[in-house]
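Here are the chains, one letter per residue:
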Amino acid sequence: MLMTELITKKRDGGKLSGEEIRFIVDGYTKGDIPDYQMSAFLMAVFFQGMDREETLELTMAMMHSGDTLDLSGISGVKADKHSTGGVGDKTSLVLVPMVASLGVKMAKMSGRGLGHTGGTLDKLESFPGFNINIGHERFMENVEKVGMVIAGQTADLDPADKKMYALRDVTGTVNSIPLIVSSIMSKKLAAGADVIVLDVKTGSGSFMKTPEDAHVLASEMVEIGKLAGRKTIAVVTDMDQPLGSAVGNALEVKEAIATLKGEYAGDLLELCLTLGTCILTAAGLADSDASARAMLQGTIDSGAALEKLAEFVAAQDGDPNSVYDTSLLPMAPVHMEVPAETAGYVSHLDALGIGMTSLKLGGGRATKESDVDLSVGVVVHKKVGDRVAQGESLATIHAATEEAAAAAVAQYRACVTVTAQAPDPVPFIKEIVR
Ligand code: URA
């Protein structure tokens, strides 16, 4: 087989066979196919697309490019959750302990933040002593014993995606549905869960700018998951404004803890109840959405989910006291308010800009090597639709210095639109694709 022929076949709109797709993925992973040919192939896919059969073959070839996690020795239903990424997205810190406290085994490998989106691993490192590198044996032991693990990658999973994603990032080929579907689903399938729940974000702070594109991505991922024999559900959710109120690592951990204590009810809790309902019904642990929601709410009311979070933190070498006493978490020395210049209604919040404000405060990574200040970020007080009086605080900036805080106040203000008229409400949960 010649790579040149496969590139031209796809360029001219042809359909590739499973054998041809495996030749490309294996050859590129091993280094037999050079970056310049793979770039041309990815661009051909970008313009010509792939049908579902090709997307499934690509997903399976990528999944089998490295190790796969065998969770079959672990008792009970094993579930995993994935978000396509956004600003203020601390969902895993709330959802995973809720669901794990009800007996579902959650084995989750997460990543670090890059650019304007945060990463769960950075957030978890806000707990003093927390260890994200627990190794394969402890990973398996903790899933069985504690019921939940969130860690960095423990095995050489999906090396094809690592190479292909890095190449797509620099060749203008990220935003292609078959390439996104195969990238996300190959990793999730390699990680071994029986139930996969996907949170597909749409809006200015996400990859999929319109609900229509998000619908197509969600549907394709669900179909590929099902064809690969896993129960897969996708929820399309709004990412036009940050999720919840905190943006920044330790600040998001504090918000997650407050949510587990029942102190907050808003979009974050709604998302966790919705995703949790999908997991419990797919796992056969609840016979209706209403009973699943009641069970999940019960984990907050009884304190079981908060206890599960503390047990998980201790099992990964963190200080469980910091779950109950959040003054033990990193705290920025400077707090500065962002007063509203005019009265009215918040009609728009630029999620991407708010993520960048937190990044510039030191809360995110401009490159993979950057250090992160876990304590800094933004707490949003006024979300879209909220009424605001002149001089009232729109948000609080948490910064390392007065200068950094003052710069962030100006940046944050540019992310907020206040109008005399209240905006039309937009649904937060756009759709559930089962
Ligand atoms: N997230 C991934 O893991 N892969 C993509 O292609 C896009 C988002």
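Sequence order as written defines the numbering, with residues in each chain counted from 1. Local features in this predicted model are restricted to residues whose pLDDT is 70 or higher, and side-chain atom pairs enter the listing and the counts only when it is 80 or higher, whereas totals over whole chains, interfaces and linings include all residues. Values reported for side chains reflect all heavy atoms of the structure, with hydrogen atoms and water molecules removed beforehand.

Mind showing me how you'd approach the nonpolar core here?
Considering soluble globular proteins, one finds that nonpolar side chains tend to be buried as a cluster. Put simply, buried Ala, Val, Leu, Ile, Met, Phe, Trp, Tyr and Cys residues joined by side-chain atoms within 4.5 Å make one nonpolar core. Residue burial is assigned from relative accessible area. The probe radius is 1.4 Å, only protein chains are included, and a residue is buried under 20% of its type maximum, exposed over 50%, and partly exposed in between. Membership of the largest hydrophobic core comes to 76 residues, with the highest contact counts inside it found for Met-98, Phe-127, Phe-312, Ile-397 and Tyr-412. Counting from the N terminus, the helices are DSSP H or I runs at least four residues long and the strands are E runs at least two residues long. Element by element, the count of residues in this core is highest for helix α12 (residues 267-282), at 10 residues. Residue contacts are counted whenever heavy atoms from the two residues lie within 4.5 Å of one another. When residues no more than four places from it in sequence are discounted, the contact partners of Tyr-412 are Val-338, Leu-349, Ile-354, Thr-357, Val-378, Val-380, Leu-394, Ala-395 and Ile-397. Counting residues in hydrophobic clusters, the runner-up holds 33 residues, among them Met-63, Val-143, Leu-189 and Val-236.

How do you make sense of the sheet that holds strand β11 (residues 393-399) when you look at a structure like this?
With antiparallel pairing, the four strands of this open sheet are ordered in space as β6-β9-β11-β7. Single-partner strands in this sheet number two, and they are β6 (246-247) and β7 (334-339). Bridging between β7 and β11 involves six bridges; their strand directions are antiparallel. Paired with Val-334 across the bridge in β11 is Ala-399. Helix α16 (residues 351-363) contacts β6, β9 (377-380) and β11 of the sheet and is inclined by roughly 140° relative to β9. Contacts from helix α17 (residues 402-413) reach β7, β9 and β11, with the element oriented near 25° to β7. Any two strands are treated as partners once DSSP identifies two or more bridges connecting them. Only C-alpha atoms enter the line fits that serve as axes; for helices the fit covers just the stretch in contact. Angles between N-to-C directions range over 0 to 180 degrees.

Just to check I follow, could you spell out helix α11 (residues 249-260) for this structure?
For the α-helix, the turn length of 3.6 residues means that residues three or four positions removed from each other point alike. Helix span is expected to be 1.5 Å times the residue number reduced by one. Over its 12 residues, α11 extends 17 Å from the first C-alpha to the last, a length consistent with the 16 Å expected when each residue adds 1.5 Å. A large share of α11 lies buried, amounting to 11 of its 12 residues. Turning to α11, its buried residues number three or more, namely Asn-249, Ala-250, Leu-251, Glu-252, Val-253, Glu-255, Ala-256, Ile-257, Ala-258, Thr-259 and Leu-260.

Sorry, what's going on with the pairing of β11 here?
Regular strands place side chains that alternate from one sheet face to the opposite one. Extensive coverage of β11 is indicated by the burial of seven of its seven residues. Looking at chain direction, β9 and β11 are connected through four bridges and run antiparallel. Looking at β11, one finds that Val-379 is bridged to Thr-396.

In this structure, what is going on with the side chain of Asp-161? I would like to understand it.
Mapped onto the elements, Asp-161 comes out in helix α8 (residues 159-169). Beyond its immediate chain neighbours, meaning those up to four positions away, Asp-161 contacts Met-62, Ala-166, Ser-183, Ser-186 and Lys-187.

What should I look at first to understand the environment of Gly-66 in this one?
Along the chain, Gly-66 falls in the loop between α4 (52-63) and β1 (78-83). Accessibility expressed as a relative area gives 27% for Gly-66, which makes it partly exposed. Along the backbone, Gly-66 and Ser-302 are 236 residues apart, and their C-alpha atoms lie at a distance of 42 Å. In this structure, Gly-66 is in contact with Asp-156, Asp-158 and Pro-159, ignoring residues within four places of it in sequence.

Before we go on, may I ask you to explain the pattern of salt bridges in this structure?
A side chain of one charge can pair with a side chain of the opposite charge when the charged atoms of the two come close. Just to be clear on terms, a salt bridge is a Lys or Arg side-chain nitrogen sitting within 4 Å of an Asp or Glu carboxyl oxygen. Tallying each qualifying case throughout the model produces 24 salt bridges. We note a salt bridge from Lys-90 to Glu-255, for which the minimum N-O separation is 2.7 Å. In this pair, Lys-90 sits in the loop between β1 and α5 (91-100) while Glu-255 sits in helix α11, placing the two residues 165 residues apart along the sequence. A single burial state applies to Lys-90 and to Glu-255, both of which are buried. A salt bridge links Lys-430 to Asp-238, with the shortest nitrogen-to-oxygen separation between them at 3.6 Å. Highlighted residues: Lys-430 in strand β13 (residues 429-433) and Asp-238 in strand β5 (residues 231-238), separated in sequence by 192 residues. Looking at Lys-430, the relative accessible area reads 28%, which means it is partly exposed.

Keep in mind these values describe shape, not function.
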